[in-house]
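So you can see what is in the structure, the chains are spelled out below.
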Amino acid sequence: MRLKVGFDGKPLLPPKAGVSRYAEGLLRGLAALPPEELEVVVVYPEKPTRTAPWVLWNLQRATARGFSVFHFPFYYTPLFPACPVTVAIHDVLVLSHPQWFPRAWANTLRWLIPKTARKASAIVTGSHWVAQEIVRLCRVPGERVRVIPYGVDRSLFAPPAEASLAQGLAELGLNRPYLLMVGALEPRRGVDTLLSAWGILRSRFPELELVLAGALRAPVPALQPPPPTVRLLGYVEDRLLPVLYSGAQVVVAPSRGEGFDLPVLEALACGACVVASDIPVHREVFSGAVRFFPVGDAEGLAAALEEVLQDREQRQKLRERGLLLAESFSWEKAAREHWALWREVA
């Protein structure tokens with residue numbers, strides 16, 4: 001049976017966030033599947049619009065246009081879909097920790113996510129930890145939640161050649177050794193923990209600077225203004241991320257809560273040494289390939305960083321293990337598993 005799958009394309013439009021990476025990677029993987037067996041129709045808004053009315057009104061009507069299944073990559077579906085629907089719920093942090101998010105936005109998602117999850121034919125998520133949280137907080141049967149690990153685009157995220165590395169670092173203006181954090185800058189992501197750890201470390205490693213790559217999404221008092229040894233790069237183009245990851249002495253992932261944490265996987269695929277908070281999803285997905293520290297513990301993070309910075313052999317082992325782990329994740333594999341799921345629900 002040839003499937004005709006609708007796909008919400010709004011997450012592919014600017015401003016892009018982590019869901020965009022999932023949607024782009026999945027569509028790239030789906031494009032490699034047999035076109036005589038699967039047709040994917042990406043539905044975009046004709047003009048800028050907010051996500052809730054787009055999904056609840058425009059895509060409500062789109063589900064009646066003869067699709068076998070309609071897939072929603074951003075957390076919720078229409079309230080009354082006219083065909084089977086699947087939805088990607090990447091995390092349920094807005095349900096478990098609403099204080100981390102803007103109130104109005106959180107209130108909307110706290111109502112929509114559980115309500116539409118119970119209407120979906122199936123729910124996709126990237127980790128078993130989040131799957132358990134979805135069952136607990138959305139009150140859906142566990143058999144309707146499918147864990148499909150995300151992928152990494154290895155045509156982009158791979159260790160760069162030495163000449164490309166030097167050229168990219170020069171373009172970024174990075175001319176001294178650095179620690180790196182990539183992602184939106186906000187308290188939930190643990191940037192405050194990292195800055196406190198950096199305050200402990202910087203006198204011991206005066207040659208280093210701390211580089212933060214990502215948009216400032218919520219006020220971080222310690223960055224107002226940034227300390228002189230902290231470099232804010234803002235948004236970095238995808239083409240430069242492999243250079244940024246690979247050139248770092250250590251990539252730090254200090255988040256208090258994630259659904260998967262794609263930047264860690266992308267860093268590992270680029271041969272980076274990663275130190276990460278010991279939140280459940282990090283332990284599930286990245287154990288053996290990163291050095292963990294207790295979440296929220298600045299002294300513990302400083303100690304972990306000092307340890308790996310002083311131990312070249314440990315850094316090299318972590319880089320090798322990370323590259324090996326990253327090889328097991330692909331968007332092609334994720335696409336095949338989505339396709340199998342859609343055949344079931346259709």
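Refer to the structure above for everything that follows.
Anyway, here's the lowdown on the structure attached to this text. The shown structure was predicted, so the numbers you read here are calculated from the model rather than taken from an experiment. (Residues numbered from 1 in each chain as written. Predicted model: local features only at pLDDT ≥ 70, side-chain atom pairs only at ≥ 80, totals over all residues. Heavy atoms only, no water.)

**Re the nonpolar core**
Here is a general trend for soluble globular proteins: nonpolar side chains tend to be buried in one another's company. Leu180, Leu244, Tyr245, Leu268 and Val274 are the most contacted members of the largest nonpolar core, which totals 64 residues. Sorting elements by how many residues they give to this core places helix H13 (residues 331–345) first, with seven residues. Counting 37 residues, the second largest nonpolar core, distinct from the first, contains Val43, Leu79, Val87 and Ile123. (Core = buried A, V, L, I, M, F, W, Y, C linked by side-chain atoms within 4.5 Å. Buried < 20%, exposed > 50% of the residue type's maximum accessible area, 1.4 Å probe, protein only. Helix = DSSP H or I, 4+ residues; strand = E, 2+ residues; numbered from the N terminus.)

**Considering the pattern of salt bridges**
With the rule as written, the count across this model stands at 19 salt bridges. Across the pair Arg146 and Glu344 runs a salt bridge whose closest N-O atoms are separated by 2.8 Å. One end of the pair, Arg146, is in strand S6 (residues 145–147); the other, Glu344, is in helix H13, and 198 residues separate them in sequence. Since its relative accessible area comes to 27%, Arg146 is described here as partly exposed. Shared partners join several salt bridges into a network, and the residues in it are Glu186, Arg188, Arg189, Arg217 and Glu258. (Salt bridge = Lys/Arg side-chain N within 4 Å of Asp/Glu carboxyl O.)

**A short note on the packing of helix H9 (residues 262–269) against helix H12 (residues 312–326)**
Interaxial distance between H9 and H12 falls to 7 Å at its minimum, and their mutual angle equals 110°. Comparing the axis directions of H9 and H12 gives the class roughly perpendicular. Taken as a pair, H9 and H12 cross one another with a handedness that is left-handed. Residue-level inspection shows Leu265, Leu268 and Ala269 of H9 in contact with H12, the latter providing Gly322, Leu323, Leu325 and Ala326. For the contact of H9 with H12, the residue count by class is six nonpolar, one polar and no charged. (Axes fitted to C-alpha atoms, helices over the stretch in contact; angles between N-to-C directions. Parallel < 35°, antiparallel > 145°, perpendicular 65-115°, else oblique. Left-handed = near helix turned anticlockwise from the far one by under 90°. Contact = heavy atoms within 4.5 Å. Nonpolar A, V, L, I, M, F, W, Y, C, P; charged D, E, K, R; others polar.)

**With respect to a positive patch on the surface**
Taken together, Lys115, Arg118, Lys119 and Arg139 make up a surface patch of like positive charges. Its place among the elements puts Arg118 in the loop between helix H4 (103–117) and strand S5 (122–125). (Patch = residues over 30% accessible without salt bridge, like charges linked within 9 Å, V, L, I, M, F, W, Y side chains within 5 Å. Areas by Shrake-Rupley, 256 points an atom, 1.4 Å probe, with all protein chains shown as cover. Lys, Arg positive; Asp, Glu negative; His and termini not counted. Charge placed at Lys NZ, Arg CZ, Asp CG, Glu CD.)

**Let's talk about the pairing of strand S1 (residues 3–8)**
Taken across its six residues, S1 has five buried, putting it largely inside the fold. Where S1 meets strand S2 (residues 38–43), six bridges bridge the pair, whose relative direction is parallel. Each bridged residue has a counterpart across the sheet, and for Lys4 the counterpart in S2 is Glu39. Remark: the S1/helix H1 (residues 18–30)/S2 crossover connection has right-handed handedness. Both S1 and strand S3 (residues 69–72) contribute to a ladder of three bridges, which runs parallel. For Gly6, the partnering residue across the bridge sits in S3 and is Phe70. (Pairing = 2+ DSSP bridges. Right-handed = clockwise from strand over helix to strand, strands pointing away.)

**Observations concerning the sheet that holds S6**
An order of S2-S1-S3-S4-S5-S6 is seen for the six strands of this open sheet, with the pairing classed as parallel. The outermost strands of the open sheet, each flanked by one partner alone, are S2 and S6. Along the sheet, successive strands turn relative to each other by an average axial angle of 25°, direction set aside. The pairing of strand S4 (residues 85–88) with S5 spans three bridges and is classified as parallel. In the strand pairing of S5, Ala88 is matched with Val124.

**What about the packing of helix H7 (residues 191–201) against helix H11 (residues 298–310)?**
H11 packs onto H7 with a crossing angle of 60° between their chain directions and a minimal axis gap of 8 Å. Taken together, the axes of H7 and H11 are oblique relative to one another. By crossing handedness, the relation of H7 to H11 is classed as right-handed. Every residue of H11 that contacts H7 at Thr193, Leu194, Ser196, Ala197, Ile200 and Leu201 is listed here: Ala298, Glu299, Leu301, Ala302, Leu305 and Glu306. Residue classes in the contact of H7 with H11 are distributed as eight nonpolar, two polar and two charged.

**Re the state of the cysteines**
As enumerated under the stated definition, the model contains zero disulfides in all. The closest cysteine sulfur to the non-disulfide-bonded Cys273 is located on Cys270, 14 Å from its own sulfur. Look at Cys273 and you get buried, because its relative accessible area is 1%. (Disulfide = S-S within 2.5 Å.)

**Quick word on the environment of His282**
Mapped onto the fold, His282 is located in helix H10 (residues 280–286). Once the C-alpha coordinates of His282 and Phe292 are considered, the two residues, ten residues apart in sequence, prove to be 8.6 Å apart. The contact partners of His282, leaving out residues within four places of it in the chain, are Ala253, Glu258, Asp261, Val264, Ala276, Ser277, Ser287 and Phe292.

**A short note on the sheet that holds strand S9 (residues 230–234)**
Strand order in this open sheet of six strands is S9-S8-S7-S10-S11-S12, and the pairing throughout is parallel. The open sheet has two edge strands with one neighbour each: S9 and strand S12 (291–293). With direction set aside, neighbouring strand axes in the sheet form an average angle of 25°. Strands strand S7 (178–182), strand S10 (250–253), strand S11 (274–277) and S12 of the sheet are contacted by H11, whose axis makes an angle of about 160° with S12.

**Some words on the packing of aromatic side chains**
Counted under the stated rule, the structure contains twelve aromatic pairs. Between Phe157 and Tyr245 the ring centres are 6.5 Å apart and the planes differ by 55°, which places this aromatic pair in the tilted class. Of this pair, Phe157 sits in the loop between S6 and helix H6 (162–172) while Tyr245 sits in helix H8 (residues 241–247); the two residues are 88 residues apart in sequence, bridging distant segments of the chain. Accessibility expressed as a relative area gives 2% for Phe157, which makes it buried. Take Tyr245: its relative accessible area is 0%, and that puts it in the buried class. (Phe/Tyr/Trp six-rings, centres within 6.5 Å; stacked < 30°, edge-to-face > 60°.)

Shape descriptors only; they carry no functional weight alone.
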